[in-house]
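Here is how the chains run, residue by residue.
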2 protein chains.
Amino acid sequence: MSKENELSIISLGGKGEVGSNMIVLEYQNDIIVLDTGTLFPENDCFGIDLIIPDFSYLINKQDKIRGFVFSHGHEDHIGAIPYIMDKLKAPLYGTDLTMGLIESKLNDFGLDQKADLNVIEAGKSLKLGCFEIEFCHVNHSIPGSVAMGIHTPEGLIVYTGDYKFDQTPVNNPQTDYEKLSDWGQEGVLLLLGDSTNSEREGHSLSERVVAQNLNDAFKLVQQRIIISTFSTNIHRIQHIFRAGQKAGRKVAVVGRSMLNTIEIAARTGYLKIPDGMLITINEAEKLDPDKVILLMTGSQGERGAALTRISRDEHRNLKINPGDTVFLSATPIPGNEVAVGKTMNKLFSQGAEVIYHEILDVHATGHACREELKMMINLTKPTYLVPVHGEFRHLYHHAQLGKDMGIPVENIYIVENGKRINLTAGKLELDGDVSSGKIFLENNKIMPVDSRVLDSRKKLASNGFICIIIKNKDNSYQTDTEFITRGYMDLSKKKALLHKAKSLVTDLIKKANRENIGEWPVVKREIVDTLNNYFYQKENHSPLILPELINI
Amino acid sequence: MSKENELSIISLGGKGEVGSNMIVLEYQNDIIVLDTGTLFPENDCFGIDLIIPDFSYLINKQDKIRGFVFSHGHEDHIGAIPYIMDKLKAPLYGTDLTMGLIESKLNDFGLDQKADLNVIEAGKSLKLGCFEIEFCHVNHSIPGSVAMGIHTPEGLIVYTGDYKFDQTPVNNPQTDYEKLSDWGQEGVLLLLGDSTNSEREGHSLSERVVAQNLNDAFKLVQQRIIISTFSTNIHRIQHIFRAGQKAGRKVAVVGRSMLNTIEIAARTGYLKIPDGMLITINEAEKLDPDKVILLMTGSQGERGAALTRISRDEHRNLKINPGDTVFLSATPIPGNEVAVGKTMNKLFSQGAEVIYHEILDVHATGHACREELKMMINLTKPTYLVPVHGEFRHLYHHAQLGKDMGIPVENIYIVENGKRINLTAGKLELDGDVSSGKIFLENNKIMPVDSRVLDSRKKLASNGFICIIIKNKDNSYQTDTEFITRGYMDLSKKKALLHKAKSLVTDLIKKANRENIGEWPVVKREIVDTLNNYFYQKENHSPLILPELINI
């Protein structure tokens, strides 16, 4: 419990991990939640599509929650809301684009009517209980991104969200230095700062450079242009329309998610599509190749995305034509490198030219690099620094950088998810743990998947199973057993192996019947051990062995 | 079949793919095989550890095989030999270090006595049937690497193996320009050239820079140094001993594979360990931290490697001490980024400082970048270019580069695995396909894993299975069914779901008995369809449904 006159800050997410995107601020009777995002599972979380933070800490504190406040509309900041809204009812706040994306997401889940959606504006402020939140425009790879200056009874907390300082942004003002500077002069007690690019020296590439590169490259292409980027990178999409117009081309958008985001961005005024520039795929097919841009998702090699399907020649309407030029206007997110490489190989092998980050700067990161992290610290002059957003090594390097910038080392904390930190009388202290963890989602549902189920999947994935059916009649195990197997090997081609395995089981059964010591759990254990050893000796590995007793 | 007076060249490996490391040269009664390497499987090849080329094309041509000739001792060039040797008996040829590594590998398989192992030398030549092979020293990330100039009845073929041009190598002469230049002047009909780094502009980093960086960095470290690199990177390992000596430290080697390679390299003279510099882990533990270097594998986040285990605090003898500095003297191979990132996060979170490629140049690639690829083409002046080693996009960019260097586009071929190209009368032509593909290995054994088994594993991995046992007595299906499930969900927590599924099956059984149309395959199909639909409707996804009939 948070004590009287104590402000608690907790990141909810996997225990022993860092970098959750759901941060709880709690003071007496008031709670606000900053962002509520999803995570992608690691490779060995078989069958799991998404991970959301375990929010059980908040369940009994429902009445205190004054609102969920979102910094921007990326999935890792808004994605968990549909799964949480049923359990935690509270108003949602974000800029118009962010709320448009949240509304569309809730709509998919049939939840939009239930939600209390509220649009906030950069430059304005919002009072939620004892918290007064000022919003500050920042550059990021999606428009409508804000940092927050949160005035609390214990002092001013700055939460950067995701940001960078782009000196020459496209269709977008610079990050609001004045606001950050005002906060710094007022006195920032704590900075919760994005750490994603803390390993990268220097300054992030400007969106202007990408825009110029696309302008130049588009002019050189003589046949179709296919370009893939994140559906939420509206600045990039705006620029693709503009560069297309300059190059005398029209743009057809491929794929529902991209169309949906474009529609929301156009409605909220972030995207201005010149008259007649947006055409359908059918219209595009009728134009000469040098008049066409096909805009789509798939820059991460995502299964099911338009470009991925086209690269595999599995798309319903579209095929690669030799001479097409494909731009991957995005860099692979860690973990996606192989999938992206495969997409590129398939595009090349079908005769396309592919332009990607190794070849030309056709993407700019949305996150502050080291010089920008320094600028944020210099502007806000925080007493305490808690690096957020990133893996441990990113938080570590952000912490080191903070130290180099003069923040006393005892004022810098790397805080694991589920650990509470408290601010009181101008002091920050680590407190105990709260209930936290990960919730697994399968196909958009919270599933009762526990670690035993996941362990079984791992074993099944690598070696399959053999289920041994043993019949029990009048308290005697029958020796005619049945073996059912999948995912191990084709045992019909390994008759001797199967035969011997069966005879080992028969021997154990006979012994159990004979010695009358045949309690099933004991027999079962013996069968598992015997067959594990046998298959391991013969084949260097064993499937999952599952003896089952059937009463007949 | 290769025709009279025709030289055939075939890369054996996965169909529709490129970049195999097993190249067959065939002329009338003579065959030589250039390299015979393993591949790593992709993520969705569950349970598969390694892939080797399907070599069935050679089975009936055994008598013609004059030898396997190896360019260097990396796994992707020698790794498949133990699995092939039993089936294809032929002498093996490579430099002393390459043969030392092959011998050690064969020894692990109990095959070293059977093998006909032969050491060749750079600068010398070897006659195998109608082929005369000259060996040319090249720089690469393992010593004893050679390119080959293969004099054939149809002309001179140059196979580069893996190479780079390091102008300032460490413990190693430069790539033998003179030999390459001699071949160029003699007239190279075909260049089979390494394409791995064809996307990288400029020139590869020199090993000298890495050496200097390690020297400088070692001097600044005040406690233990832990350094991880590839066990075969003997130049790097040599330098670590040297830099350690300069810094007043001794080196303990952790892990069997690293010790084994060091022993072979020392025996063949590639590695010179200064007296007293190599100590045991026990001796290291007794020294002051600033006197110690621990050298180990794990730079790729490999499960089971020393550094990986230490990072997870799962190593028997070693733990991270706060203040340790860990050098990852290697960049992640594509696909390993996430595993390497995890290792780093765990090291940082245990209090180590970690130095890696993002922070300092502590690794140099072993492969030629674009300026070096150009140099190779300028030196050898080939009539034909066939890019080898790499993914499709690497071969593509190598081909484009060849075109830019003036090789006529009709003389450049990207050849898929299993496609035969023929050289005759100075002309290269694409011919038909030969039998080729991939062989899967599980735990060092060739396994009869077919695509059905792999498909089952994929399904089991994501959703597990439900096996439904149905008893058959006197030609009547019994309604008391048993459900066995693993990896789906904990059905004991989903009683209603299970109950309804059972009742659906019971209904189908009753109907089958009643209508007397109950052929088992028909009933089975109905159960599968019904339960698939039911679980999909209820839970958005279905496990593998396996009805099994048991006669009682």
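Structure shown above.
Before going into details, it helps to say that this report is about the structure given with it. Bear in mind that the values here come from a model prediction, so they are computed numbers and not experimental data.

**Let's talk about the state of the cysteines**
Residue and element names in this part refer to chain A. If you walk through the whole model with that rule in mind, you get 0 disulfides over all chains. Here Cys-136 stays free of any disulfide, with the sulfur of Cys-369 as its closest cysteine sulfur at 19 Å. According to the relative accessible area criterion, Cys-136 is buried, its value standing at 0%.

**Observations regarding the packing of helix H5 (residues 177-186) of chain A against helix H12 (residues 370-380) of chain A**
A pair of packed helices is captured by two measures, namely the crossing angle of their axes and the spacing between those axes. All names here are of chain A. Contact geometry of H5 with H12 gives a least axis separation of 6 Å together with a crossing angle of 50°. Classified by the interaxial angle, the pair formed by H5 and H12 is oblique. On H12, the residues touching Tyr-177, Leu-180, Ser-181 and Gly-184 of H5 are Met-376, Leu-379 and Thr-380. Its residues assigned to classes, the contact of H5 with H12 comprises 4 nonpolar, 3 polar and no charged.

**Concerning helix H16 (residues 520-539) of chain B**
Within an α-helix, residues lying three or four positions from one another point in the same direction, as the helix has 3.6 residues per turn. Across its 20 residues, H16 of chain B extends 27 Å between first and last C-alpha, which sits within 8% of the 28 Å expected from 1.5 Å per residue. When H16 of chain B is considered as a whole, its buried residues turn out to be Trp-520, Val-523, Ile-527, Val-528, Leu-531, Tyr-534, Phe-535 and Glu-539 of chain B. Buried residues of H16 of chain B, viewed axially, fall in a sector of 145°; they line one side. For H16 of chain B, the exposed residues set more than 90 degrees away from the buried face come down to Pro-521, Tyr-536 and Gln-537 of chain B. Buried residues along H16 of chain B sit against strand S23 (445-446) of chain A together with strand S24 (465-473), strand S25 (476-477), strand S26 (482-486), helix H15 (495-515) and strand S27 (544-551) of chain B. Trailing H16 of chain B by a residue or two, Asn-540 of chain B shows a phi angle of about 70°, which is positive.

**Quick notes on the sheet that holds strand S13 (residues 225-228) of chain B**
Residue and element names in this part refer to chain B. Taken in spatial order, the 6 strands line up as S15-S14-S16-S13-S17-S18 in an open sheet, and their pairing is parallel. Both edges of this open sheet fall to strand S15 (278-279) and strand S18 (353-355), since each of them pairs with a single strand only. Inspection of the sheet shows strand S17 (residues 325-328) paired to S18 by 3 bridges, in the parallel sense. Paired with Val-326 across the bridge in S18 is Val-354.

**Structural notes on the packing of aromatic side chains**
Residues and elements named next belong to chain A. All chains considered together, the criterion is met by 20 aromatic pairs over all chains. Ring centres of Tyr-163 and Phe-165 lie 5.6 Å apart, and the angle between their planes is 75°; on these two criteria the pair is classed as edge-to-face. In this pair, the class of Tyr-163 matches that of Phe-165, namely buried. One aromatic cluster is present, formed by Tyr-163, Phe-165 and Tyr-177 through successive ring pairs.

**Comments concerning the relation of the copies chain B and chain A**
Overlay of chain B on chain A (RMSD 0.1 Å): rotation 180°, translation along the axis 0.2 Å. Both copies are brought into coincidence by an operation consistent with a two-fold rotation axis. Among all residues of chain B, the minimum C-alpha distance to the rotation axis is found for Ala-461 of chain B, at 2.3 Å. A share of 98% of the interface residues of chain B reappears at the interface of chain A, consistent with the copies meeting face to face through the same patch.

**Focus on the sheet that holds S23 of chain A**
The strand order S4-S22-S23 (chain A) describes an open sheet built from 3 strands, whose pairing is antiparallel. Single-partner strands in this sheet number two, and they are strand S4 (50-53) and S23 of chain A.

**A look at the side chain of His-397 of chain B**
Inspection of the secondary structure puts His-397 of chain B in helix H13 (residues 392-404). Polar side-chain contacts of His-397 of chain B include one of 2.9 Å to the backbone oxygen of Arg-393 of chain B. Beyond its immediate stretch of four places on either side in the chain, His-397 of chain B contacts Phe-348, Tyr-356 and Ile-359 of chain A together with Ser-198, Glu-199 and Arg-370 of chain B.

**Section: unusual backbone geometry**
Even without being glycine, His-389 of chain A reaches a positive phi, approximately 55°. Within the secondary structure, His-389 of chain A is located in the loop between strand S19 (384-388) and helix H13 (392-404). The residue Asp-474 of chain B is not glycine, and still its phi comes out positive at about 50°. Structurally, Asp-474 of chain B is set in the loop between S24 and S25.

**Describing the interface of chain B and chain A**
Taken residue by residue, the interface counts 63 residues in chain B and 63 residues in chain A. Taken together, the connections running from chain B to chain A amount to 4 salt bridges. Residue Glu-539 of chain B is joined to Lys-445 of chain A by a salt bridge in which the shortest nitrogen-to-oxygen separation is 3.8 Å. For the pair chain B and chain A, the number of links is 24 residue pairs in polar contact (both at pLDDT 80 or more). For the side of chain B that touches chain A, the secondary-structure elements that each account for two or more residues are helix H11 (337-349), H13, helix H14 (451-463), S24, S26, H16 and S27 of chain B. Looking at the side of chain B that touches chain A, the element that brings in the most residues is H11 of chain B, giving 8 residues. Its residues assigned to classes, the side of chain B that touches chain A comprises 25 nonpolar, 17 polar and 21 charged.

**Digging into the environment of Asn-197 of chain A**
Residue and element names in this part refer to chain A. As for its position among the elements, Asn-197 is in the loop between strand S12 (188-194) and helix H6 (207-220). A residue is classified by how much of its surface remains accessible, and Asn-197, at 5% relative accessible area, is buried. Remark: the alpha-carbon pair of Asn-197 and Val-292, spanning 95 residues in sequence, is separated by 35 Å. In this structure Asn-197 touches Thr-365, His-367, Ala-368, Cys-369 and Arg-370, once residues within four positions along its chain are discounted.

What counts and what doesn't
Residues numbered from 1 in each chain as written. Chains lettered and ligands numbered in written order. Predicted model: local features only at pLDDT ≥ 70, side-chain atom pairs only at ≥ 80, totals over all residues. Heavy atoms only, no water. Disulfide = S-S within 2.5 Å. Buried < 20%, exposed > 50% of the residue type's maximum accessible area, 1.4 Å probe, protein only. Axes fitted to C-alpha atoms, helices over the stretch in contact; angles between N-to-C directions. Helix = DSSP H or I, 4+ residues; strand = E, 2+ residues; numbered from the N terminus. Parallel < 35°, antiparallel > 145°, perpendicular 65-115°, else oblique. Contact = heavy atoms within 4.5 Å. Nonpolar A, V, L, I, M, F, W, Y, C, P; charged D, E, K, R; others polar. Expected span 1.5 Å × (residues − 1). Arc of directions from axis to C-beta. Pairing = 2+ DSSP bridges. Phe/Tyr/Trp six-rings, centres within 6.5 Å; stacked < 30°, edge-to-face > 60°. Least-squares fit on C-alpha atoms with pLDDT ≥ 70 in both. Polar contact = N/O pair within 3.5 Å; in protein donor to acceptor, adjacent residues only side chain to side chain. Salt bridge = Lys/Arg side-chain N within 4 Å of Asp/Glu carboxyl O.

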